[in-house]
Amino acid sequence: MDNRRSNRVHRFQPKFISLVDDGLSDYMNLIGMLCSMCALMLKIKFCGWIALFSAIVGFANSRVSEDGKQVFSSFMLSASAIVITYMQNPAPMKIPYFE
Amino acid sequence: MRSSITVFFILLHLLLCFVWSAAKKIHDEDFSEFDDFDEDEFVTEAPFPSGASQLPSKTQSNQPDQTKSEALSQPSMSKTTEQTTHDGVTIDDDDDLMFDEEEFEATDLFSSSSTPDFKIAEVPANLTGNRWESYHCEAIMILVLLSYLINFLIGRSKNARLAATIYNSQRDLLERKFSLVGDNGQTQTTKSTDEQTDNDVVSNNMHKESESLYVLWCSGRTLLDSMLIEIRFIKRQCLFNSLAALIKSINDMIIYTIDYSKDDMETFVFCLAKKRSAVKLHRDMNDLSQFCSERKNAEKHSLSGNYQILSEIGEISNVIIDSRVGDFINKFPDALEYIHISDQYTGMKIQNDNQQSSSSQPSNNGTTVGANGVSATQQQDALNLSERSVRRVLIVAFNLIPSNDRSLQITAETVINDYSRFVLNLADRVSLYRFASKELKAKTSKNRQRIEEQFLKNVNQQRQEQAQQRREEKRRAEKEKIMQSDDPDKQRKWEEKEHKREMKRRQPKMKQMKIKSM
């Protein structure tokens, strides 16, 4: 028996997806921006690298429906923080409490 | 978009390397004048002023460096000569006659010190020896970054392949059961399988919501409105999440959500779940916490002790849990995570803080689900509607676990059709079921009425609070306006008005008390 009915077709709406998002992407973007600022203003190289990691983790955990510009800008900010801190002081990085 | 961003990452790495080499080159040029130093030149007999002994700092002119080298080669020069050379002026020996030694008392002390006090500055590691070796932290960072990116690409492709396998395995079955299979909700026209028209609405794969979430929408069938298949993979694309999944033993899940229209389903709330899920659902789901008072063990229904039942009416359990469910669980142990049937589905509970803070912010879409998994339906309901926006759903969640030493892909390919058939069969039974007696109907109606009254009470309370807030804001704005006007008469008049208003507000209560006493 054919149970298909074309008159009972309903279109998909995103509201039907039960989003169980842990907000990791948003947190990573926030951490990325904070660490970028620290790296630029306080010249802490470690912060710059953390910012870059955060941007990449945020990108990996983002949704397709989210705007890619935010992820992209977060990444560019962290990259610029690293480049500028190394231009100002090319000495190697020292991880706090390890050296 | 994503592939272009990964290509961009690689290009940026190359750019970073280029910038790095350029910075190193500039640095090398600054210190080129130190390359020809011999060890003999470093004679440490006379103390120097502190400014002259800082070797690694960038020098702005060559003159101070040259005078420094002269001073090094002639340690026995008098102080006058050292002073003048430090100033950058070369003086002949004849000039010594101009200076009277008695004027400079400190020279004796200066020349008599036998142990010069040097402060040797620490030379940065990148300027000594093999410079690249000193950048070991950076190398570790870059290695970790590259490994994360490689894991991202591998994890993403694995999830995509699994999704494609699952879709291809059950596509035929779904196309026989539904008129519309696959819809992203974005284009205007739809495709139906019996029309055979070529349209770009329906994709030949599941719709990707994120790297770990794929959905498939099916609609156009008797007895139900729609079916949404969600595949929630482990976040293999993120290294940290995949490690956490290993530790916490999280696995991939397939969730079927079937929506019914108002007349397609009887009014009851029921849930059969594994113990760990039963606890979470009972705590987090609005309908289960409101309508189901306790969790019971499912052993009575010949299921394993691992399962628990939450039911509004006890009789429903016997109807839903029949031999087919038992056979399915025996055939696929640990596959079935939970079955949730409800005509009062409103999503997860809103936390108390969120509710109080967000009740003043109406959402634009009535039934959108928030990013933190909390339903915004109650927010919108509280503000605008007199009815709760509920859904009539059947939700079945399965675990995708590799079985019998097979890979996950092969397991998914073989079992997915059985899962789909089980769900469709259950959906039809739920739709066709009607209460045997009127008492059950009355009981459920009474429960729903009670919840509705509670809801309306909350709505009224929130509306009153909002109205009060608005009134206070208005009053504050008026007060500011009058204070700014700098007119004492106006201010006095306004204060009198306020006073009268307050007296009026207090008076009715007193009047009521008087009537009661009479």
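Not measured: the values here are computed from a predicted model. (Residues numbered from 1 in each chain as written. Chains lettered and ligands numbered in written order. Predicted model: local features only at pLDDT ≥ 70, side-chain atom pairs only at ≥ 80, totals over all residues. Heavy atoms only, no water.)

**Some details on the overall build of chain B**
To be explicit about the condition: In DSSP terms, a helix is any run of H or I states spanning at least four residues, a strand is any run of E spanning at least two, and both are numbered starting from the N terminus. Buried, partly exposed and exposed residues are distinguished by accessible area as a fraction of the type maximum, computed with a 1.4 Å probe on protein chains only: under 20%, between the cut-offs, and over 50%, respectively. Here, Shrake-Rupley sampling with a 1.4 Å probe gives the accessible areas, and only protein chains in the shown set may cover a residue.
Within chain B, the regular secondary structure consists of 15 helices and 10 strands. Across the 518 residues of chain B, 40% fall into the buried class. Only carbon and sulfur atoms are counted for the fraction: they give 51% of the accessible area of chain B, which is about 31300 Å².

**A short note on the environment of Val393 of chain B**
All names here are of chain B. Note the following rule: We call two residues in contact when some of their heavy atoms are within 4.5 Å.
Looking at the element boundaries, Val393 is found in strand β10 (residues 391-400). By relative accessible area, which is 0% here, Val393 ends up buried. Not counting chain neighbours up to four residues away, the residues in contact with Val393 comprise Ile258, Asp259, Tyr260, Met265, His340, Ile341, Ser342 and Tyr345.

**Observations concerning the packing of aromatic side chains**
Residue and element names in this part refer to chain B. Here is the rule: Two rings from Phe, Tyr or Trp (for Trp, the six-membered ring) form a pair when their centres are within 6.5 Å of each other. A pair whose planes differ by under 30 degrees is stacked, one over 60 is edge-to-face, and the rest are tilted.
All chains considered together, the criterion is met by 17 aromatic pairs over all chains. Taking the centre distance of 5.8 Å and the plane angle of 85° together, the rings of Tyr256 and Phe398 count as edge-to-face. On the criterion of sequence distance, the pair formed by Tyr256 in strand β5 (residues 252-260) and Phe398 in strand β10 is long-range, its members being 142 residues apart. By relative accessible area, which is 0% here, Phe398 ends up buried. When the centroid spacing of 6.2 Å and the interplanar angle of 70° are considered together, the rings of Phe398 and Phe422 count as edge-to-face.

**Examining the pairing of strand β2 (residues 207-210) of chain B**
Residues and elements named next belong to chain B. To keep things clear, this is the line we draw: Two strands make a pair as long as DSSP finds a minimum of two bridges between them.
The pairing of β2 with strand β3 (residues 213-221) spans three bridges and is classified as antiparallel. Residue His207 lies in a different strand from β3, and its bridge partner there is Val215. Hairpin connection, β2 to β3: the antiparallel pair is bridged by two residues.

**Digging into the UniProt feature "transmembrane region" (unreviewed entry) in chain A**
Residues and elements named next belong to chain A. Here is the rule we go by: UniProt positions are given in the numbering used here, feature names are shortened, and annotations may be inferred rather than shown by experiment.
In the numbering used here, UniProt assigns the "transmembrane region" (unreviewed entry) feature to residues 30-59 and 71-89. Between the first and last C-alpha atoms of residues 30-59 the distance is 12 Å; the span itself is 93% helix and 0% strand. Along residues 71-89 the backbone is 95% helical and 0% strand, and the end-to-end C-alpha distance reaches 27 Å.

**Digging into the side chain of Arg236 of chain B**
All names here are of chain B. For clarity, the threshold we go by: Any pair of nitrogen or oxygen atoms within 3.5 Å is treated as a polar contact; in protein, a donor-acceptor pairing is required on top of that, and neighbouring residues in sequence qualify only through side-chain atoms on both sides.
Tracing the backbone shows Arg236 in the loop between β4 (224-232) and α6 (239-248). Relative accessible area serves as the criterion here: at 13%, Arg236 is assigned to the buried category. Here the side chain of Arg236 touches Asp252 through a polar contact of 2.9 Å, side chain to side chain. Ignoring any residue separated from it by four or fewer positions in sequence, one finds Arg236 in contact with Asn151, Gly155, Lys158, Asn159, Leu162, Ser242, Asp252 and Leu408.

**Points about the nonpolar core**
In summary, soluble globular proteins display a tendency toward joint burial of nonpolar side chains. For clarity, the threshold we go by: The nonpolar core is taken to be a set of buried Ala, Val, Leu, Ile, Met, Phe, Trp, Tyr and Cys residues, with the residues joined through side-chain atoms within 4.5 Å.
Counting residues in each nonpolar core, the largest one holds 58 residues, and the members touching the most others are Met227, Leu272, Leu336 and Phe422 of chain B. Top contributing element to this core by residue count: helix α13 (residues 408-432) of chain B, with 11 residues. The contact partners of Leu336 of chain B, leaving out residues within four places of it in the chain, are Leu272, Lys274, Tyr307, Phe328, Ile329, Val396, Ala397, Phe398 and Phe422 of chain B. In terms of nonpolar packing, the next biggest core, distinct from the first, is built from 22 residues, Met28 and Val71 of chain A together with Cys137 and Leu145 of chain B among them.

**Quick word on the packing of helix α1 (residues 24-42) of chain A against helix α3 (residues 68-88) of chain A**
Think of two packed helices as two axes; the pair is described by the angle between the axes and how far apart they sit. Residues and elements named next belong to chain A. The test is simple: For helices, the fitted axis covers only the stretch in contact; all axes are lines through C-alpha atoms, and the angles between them, taken along N-to-C directions, range from 0 to 180 degrees. Each angle receives one of four descriptions, namely roughly parallel if under 35 degrees, roughly antiparallel if over 145, roughly perpendicular if within 65 to 115, and oblique otherwise. Crossing handedness: left-handed means the near helix sits turned counterclockwise from the far one by under a right angle, and right-handed means the same turn made clockwise. We call Asp, Glu, Lys and Arg charged. Ala, Val, Leu, Ile, Met, Phe, Trp, Tyr, Cys and Pro are nonpolar, and the rest, Gly among them, are polar.
Relative orientation of the contacting elements α1 and α3 amounts to 25°, with a least axis distance of 9 Å. In terms of axis orientation, α1 runs roughly parallel to α3. With respect to the hand of their crossing, α1 and α3 are arranged in left-handed fashion. For the pair formed by α1 and α3, the contact residues are Asn29, Met33, Ser36, Met37, Ala39 and Leu40 on the first element and Gln70, Ser74, Leu77, Ser78, Ser80, Ala81, Ile84 and Thr85 on the second. For the contact of α1 with α3, a count of residues per class yields seven nonpolar, seven polar and no charged.

**Some details on unusual backbone geometry**
Backbone geometry at Lys43 of chain A places phi at a positive 60°, although glycine is not the residue there. Relative to the elements of secondary structure, Lys43 of chain A occurs in the loop between α1 and α2 (45-60). Taking relative accessible area as the criterion, Lys43 of chain A reaches 55% and is therefore assigned exposed. In this structure, Asp334 of chain B is a non-glycine residue whose phi angle is positive, near 70°. Tracing the sequence through the fold places Asp334 of chain B in the loop between α10 (323-331) and β9 (336-345).

**Considerations on the pattern of salt bridges**
Which entries qualify depends on this criterion: We define a salt bridge as a side-chain nitrogen of Lys or Arg found within 4 Å of a carboxyl oxygen belonging to Asp or Glu.
Scanning all chains against the criterion turns up 24 salt bridges over all chains. Across the salt bridge formed by Arg4 of chain A and Asp2 of chain A, the nearest N and O atoms sit 3.1 Å from each other. Look at Arg4 of chain A and you get partly exposed, because its relative accessible area is 26%. What you see here is one network of salt bridges that share partners, running through Arg8 of chain A together with Asp225 and Asp264 of chain B.

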